[in-house]
Amino acid sequence: MSVVSPFDDIDVPYEIDQFHAARDRITSHILKTPLLLSLPFSHEFSCNVYLKLESEQTTNSFKLRGATNKLQLLYAERREELERNGIIAASTGNHALACAHACSNLGLKVTCYTSTAIAAVKVNNLKQYPNMTLVKHCAEPVGAENHARHLERSEGRILVGPYNDMDIRPPHK
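Residues numbered from 1 in each chain as written. Predicted model: local features only at pLDDT ≥ 70, side-chain atom pairs only at ≥ 80, totals over all residues. Heavy atoms only, no water.

For the rest of this paragraph, the subject is the sheet that holds strand β4 (residues 110-115). Pairing within the open sheet is parallel, and its 4 strands lie in the order β5-β4-β3-β6. On the outer flanks of this sheet lie β5 (132-138) and β6 (159-160), each paired with one strand and no other. (Pairing = 2+ DSSP bridges. Helix = DSSP H or I, 4+ residues; strand = E, 2+ residues; numbered from the N terminus.)

Following this line, the structure appears as C-alpha cells:
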C-alpha cells in the first residue's frame, strides 16, 4: 500500500526568513534543547559533530517543533473552524504526541488514526492528553494515514500530516 500524498510533488525551496518565522512562532511553545559534542562522531568525521537532544523535548522527540509550527499557522488562519472541529492526524506515536501537546496549548481537540500495532507505551503517553482521541484503524500505519487523508478530502477535516507538509518540516533548526 502506498501513501496518498508523498513528497514527490513538493519542490519549493525554503528561504531563510521562513526558518526565522517558524522559529519565532514556536519558541515560546517548546523547550530549548541542548547540543552535545559527540566525540566518537567527531573523531570519525574529523570535525566537531554535535547531537541535538530533542529527546529532552516535552514530548521526547523533534516532532513537537513541526506540529507546533503547523498548528500555530492554522490557528491564525482558521481559528473558528479549529475550535469547532479540532484536527485529525495519523501517527504511530511521536507525531500524535506532538499534535496532542500543541493542540492542548491551543485548547483544541485532536483525533489521531493509528495502526493497531501502536506500542502500549505510546498509548499510555497519549492518555495524559484529555483532548486526544486515538482511533486504532488498521494493522499498517500507511492504512491509517490513507484513512485520515480520505477524511480530509471527503469530510473537509483539517489534517496535520506527520511529515509530508511544508509547514511541518522547516522549523527543525
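Still more to cover.
Time to look at the pattern of salt bridges. Per the counting criterion, the structure on display carries 6 salt bridges. With its nearest N and O atoms 3.9 Å apart, the salt bridge here joins K52 to E54. For R78, the salt bridge is made with E81, and the minimal N-O distance between the two is 3.1 Å. Here R78 and its partner E81 are both found in helix α3 (residues 63-85), 3 residues apart, which amounts to about one turn of the helix. Using a relative accessible area of 21% as the deciding quantity, one classes E81 as partly exposed. Within the structure, one salt-bridge network assembled from shared partners comprises K52, E54 and R65. (Salt bridge = Lys/Arg side-chain N within 4 Å of Asp/Glu carboxyl O. Buried < 20%, exposed > 50% of the residue type's maximum accessible area, 1.4 Å probe, protein only.)

By size, the foremost hydrophobic cluster in this structure holds 29 residues, and its most contacted members are L71, L82, I87, C99, V110, M132 and V160. Secondary-structure elements contributing two or more residues to this core are α3, β3 (87-90), α4 (94-106), β4 and α5 (120-126). At 8 residues, α4 tops the list of elements feeding residues into this core. Ignoring any residue separated from it by four or fewer positions in sequence, one finds M132 in contact with A96, A100, V110, C112 and L126. Judged by nonpolar contacts, the second largest core, of 7 residues, contains I88, A90, L151 and L159. (Core = buried A, V, L, I, M, F, W, Y, C linked by side-chain atoms within 4.5 Å. Contact = heavy atoms within 4.5 Å.)

To continue, consider the environment of R23. Along the polypeptide, R23 turns up in helix α1 (residues 16-26). Residue R23 is classed as partly exposed on the basis of its relative accessible area, which comes to 42%. A C-alpha to C-alpha distance of 8.2 Å links R23 and N69, two positions 46 residues apart in sequence.

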